[in-house]
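A structural walkthrough
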Amino acid sequence: MNTCPQAKLEMQILLPKDVVRKLRAPMLRAGRREIGGMIMGEDLGDQRFRIVDFSVDAVSGTRSNFVRNAAQHDQALAAFFDRTGADYERFNYLGEWHTHPSFSVHPSLQDVHAMQDLVDGSGGVRFAFLLIARLRWHWWFEASTHLFVQGHVPTPVDLILEPDMLEP
Ligand SMILES: [Zn+2]
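The structure reproduced in this document is the subject of the present report.

Rules used in this analysis
Going along each chain's sequence as written, the residues are numbered from 1 onward. In view of the model being predicted, local features appear only for residues whose pLDDT reaches at least 70, and side-chain atom pairs are presented and counted only at 80 or more, with totals across whole chains, interfaces and linings using the full set of residues. For side-chain calculations, the full set of non-hydrogen atoms in the structure is used, while hydrogens and water are omitted. Each helix corresponds to a stretch of at least 4 residues labelled H or I by DSSP, and each strand to a stretch of at least 2 residues labelled E; elements are numbered beginning at the N terminus. Counting of polar contacts relies on pairs of N or O atoms within 3.5 Å, with two restrictions inside protein: one atom must be capable of donating a hydrogen and the other of accepting it, and residues adjacent in sequence are counted only when both atoms are side-chain atoms. Contacts: residue pairs with any heavy atoms within 4.5 Å of one another. Here the coordinating atoms are restricted to nitrogen, oxygen and sulfur within 2.8 Å of the metal centre, or 3.2 Å for Na, K and Ca, and because water is not among them the sites may look incomplete. Irregular is the default label, applied whenever a site is not tetrahedral (four donors, all angles between 85 and 135 degrees) and neither square planar nor octahedral (four or six donors, opposite donors over 155 degrees apart, all other angles between 65 and 115). The buried label applies to any residue whose accessible area, calculated with a 1.4 Å probe on protein chains only, is under 20% of its type's maximum; exposed applies above 50%, and partly exposed to all values in between. A helix is expected to span 1.5 Å for every residue after the first. The directions from the helix axis to the C-beta atoms form the arc being described. We call a set of buried Ala, Val, Leu, Ile, Met, Phe, Trp, Tyr and Cys residues a nonpolar core when their side-chain atoms join them within 4.5 Å. Two rings belonging to Phe, Tyr or Trp (six-membered ring only in the last case) form a pair when the distance between their centres is within 6.5 Å. Interplanar angles under 30 degrees mark stacking, angles over 60 mark edge-to-face geometry, and anything in between is tilted. We treat two strands as partners when DSSP finds at least two bridges between them. Only C-alpha atoms enter the line fits that serve as axes; for helices the fit covers just the stretch in contact. Angles between N-to-C directions range over 0 to 180 degrees. Note that patches include only residues with greater than 30% relative accessible area and no salt bridge, and the join distances are 9 Å for like charges and 5 Å for nonpolar side chains (Val, Leu, Ile, Met, Phe, Trp, Tyr). Each accessible area is a Shrake-Rupley result for a 1.4 Å probe, and residues are judged covered by the shown protein chains and nothing else. Salt bridge, as used here, is a side-chain nitrogen of Lys or Arg placed within 4 Å of a carboxyl oxygen of Asp or Glu.

1. Digging into the side chain of Gln-12
Structurally, Gln-12 can be placed in strand β1 (residues 12-16). A distance of 3.4 Å separates the side chain of Gln-12 from the side chain of Arg-48, its partner in a polar contact. Residues in contact with Gln-12, not counting those within four places in the same chain, are Gln-47, Arg-48, Phe-49, Val-157, Asp-158 and Ile-160.

Written out as structure tokens, the structure reads:
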């Protein structure tokens, strides 16, 4: 098994509390069905990325699988670029997210294959994060993040919950 070069750097994904708050509502509504979409974020430099927005496809998933509707999410990404002034170096697509309401937040074999297809494919995506989340007992937000890089095995990445910047 070859190791991912990024694993040696201390890569971090920051997840602000207000984003978690926005994720909760569709997660609660979906119940035991998997939902998900894309994650968009900010490159903070030094291998740190902050999730600032996400798209949601609340209808395509089942209890054990989620594959997002591509067209709907392209629109969400275009809107994100609009809002962030087309500053692609700083604000861009970060990867994918979906829920595992009935399973651990570890990526399934199917998840790993889908993400590897994404970064190994012809879509121009060379690396992407996969965030998997679930609500335990309807409120406790649990999540994992993995980094997928073209030609490498997936690597777990530290996910850091950020305090709400609006709170004192
Ligand atoms: Zn999954």
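Still more ground to cover, so stick around.
2. Observations concerning the coordination of the zinc ion
Around the zinc ion, the protein contributes the donor atoms His-98 (NE2), His-100 (NE2), Asp-111 (OD) and Asp-111 (OD), which lie 2.0 to 2.6 Å from the metal centre. Of note is the zinc ion, whose four donor atoms meet at the metal with angles of 55 to 156 degrees in an arrangement that counts as irregular. Each donor residue of the zinc ion belongs to the same chain, with the gaps between them written as H-x1-H-x10-D. There is no split in this pair, since His-98 and His-100 are both buried.

3. So, helix α3 (residues 109-120)
The end-to-end C-alpha separation of α3 is 16 Å, in line with the 16 Å expected for twelve residues at 1.5 Å each. Within the span of α3, buried status applies to Asp-111, Val-112, Met-115 and Val-119. Projection of α3 onto a plane perpendicular to its axis shows the buried side chains occupying an angular sector of 95 degrees, all on one side. Along α3, the residues that are exposed and aim more than 90 degrees away from the buried face are Leu-109 and Asp-117.

4. A word on the environment of Ile-160
Structurally, Ile-160 can be placed in strand β7 (residues 155-162). Looking at Ile-160, the relative accessible area reads 31%, which means it is partly exposed. As a C-alpha pair, Ile-160 and Asp-53 span 107 residues in sequence and 16 Å in three-dimensional space. Beyond its immediate sequence surroundings of up to four residues, Ile-160 is in contact with Gln-12, Ile-13, Leu-14 and Leu-15.

5. Some remarks on the nonpolar core
Soluble globular proteins tend to pack their nonpolar side chains together in the buried interior. Among the nonpolar cores identified, the biggest contains 23 residues, and Leu-23, Met-27, Ile-39, Ile-51, Trp-97, Phe-129 and Phe-141 are the most heavily contacted of them. The set of elements that each furnish at least two residues to this core consists of β1, α1 (17-30), β3 (48-54), β4 (91-99), β5 (127-136) and β6 (140-149). The contacts of Leu-23, once residues within four sequence positions are left out, are Phe-54, Trp-97 and Phe-141.

6. Here's the deal with the packing of aromatic side chains
For the coordinates displayed, the defined rule picks out eight aromatic pairs. Aromatic side chains Phe-54 and Trp-97 sit 5.7 Å apart centroid to centroid with 80 degrees between the ring planes, which places their arrangement in the edge-to-face category. One end of the pair, Phe-54, is in strand β3; the other, Trp-97, is in strand β4, and 43 residues separate them in sequence. When its relative accessible area of 13% is taken as the criterion, Phe-54 is described as buried.

7. Section: the sheet that holds β1
As summarised here, the arrangement of the seven strands in space is β1-β3-β2-β4-β5-β6-β7, forming a closed barrel in which the pairing is mixed. Across the sheet, the mean angle separating the axes of adjacent strands is 35 degrees when strand polarity is ignored. In this sheet, β3 lies alongside β1 in parallel orientation, the contact comprising three bridges. Across the sheet, Ile-13 pairs through a bridge with Phe-49, a residue of β3. Running at roughly 70 degrees to β1, α1 makes contact with β1, β3, β4, β5, β6 and β7 of the sheet. Most of the contacts of helix α2 (residues 70-83) go to strand β2 (residues 36-45), to which it runs at about 30 degrees, and overall it touches β2, β3 and β4.

8. With respect to a nonpolar patch on the surface
Together, Trp-137, Trp-139 and Trp-140 give the surface a local cluster of nonpolar side chains, amounting to about 440 Å² of exposed area. Position of Trp-140 relative to the elements: it lies in strand β6.

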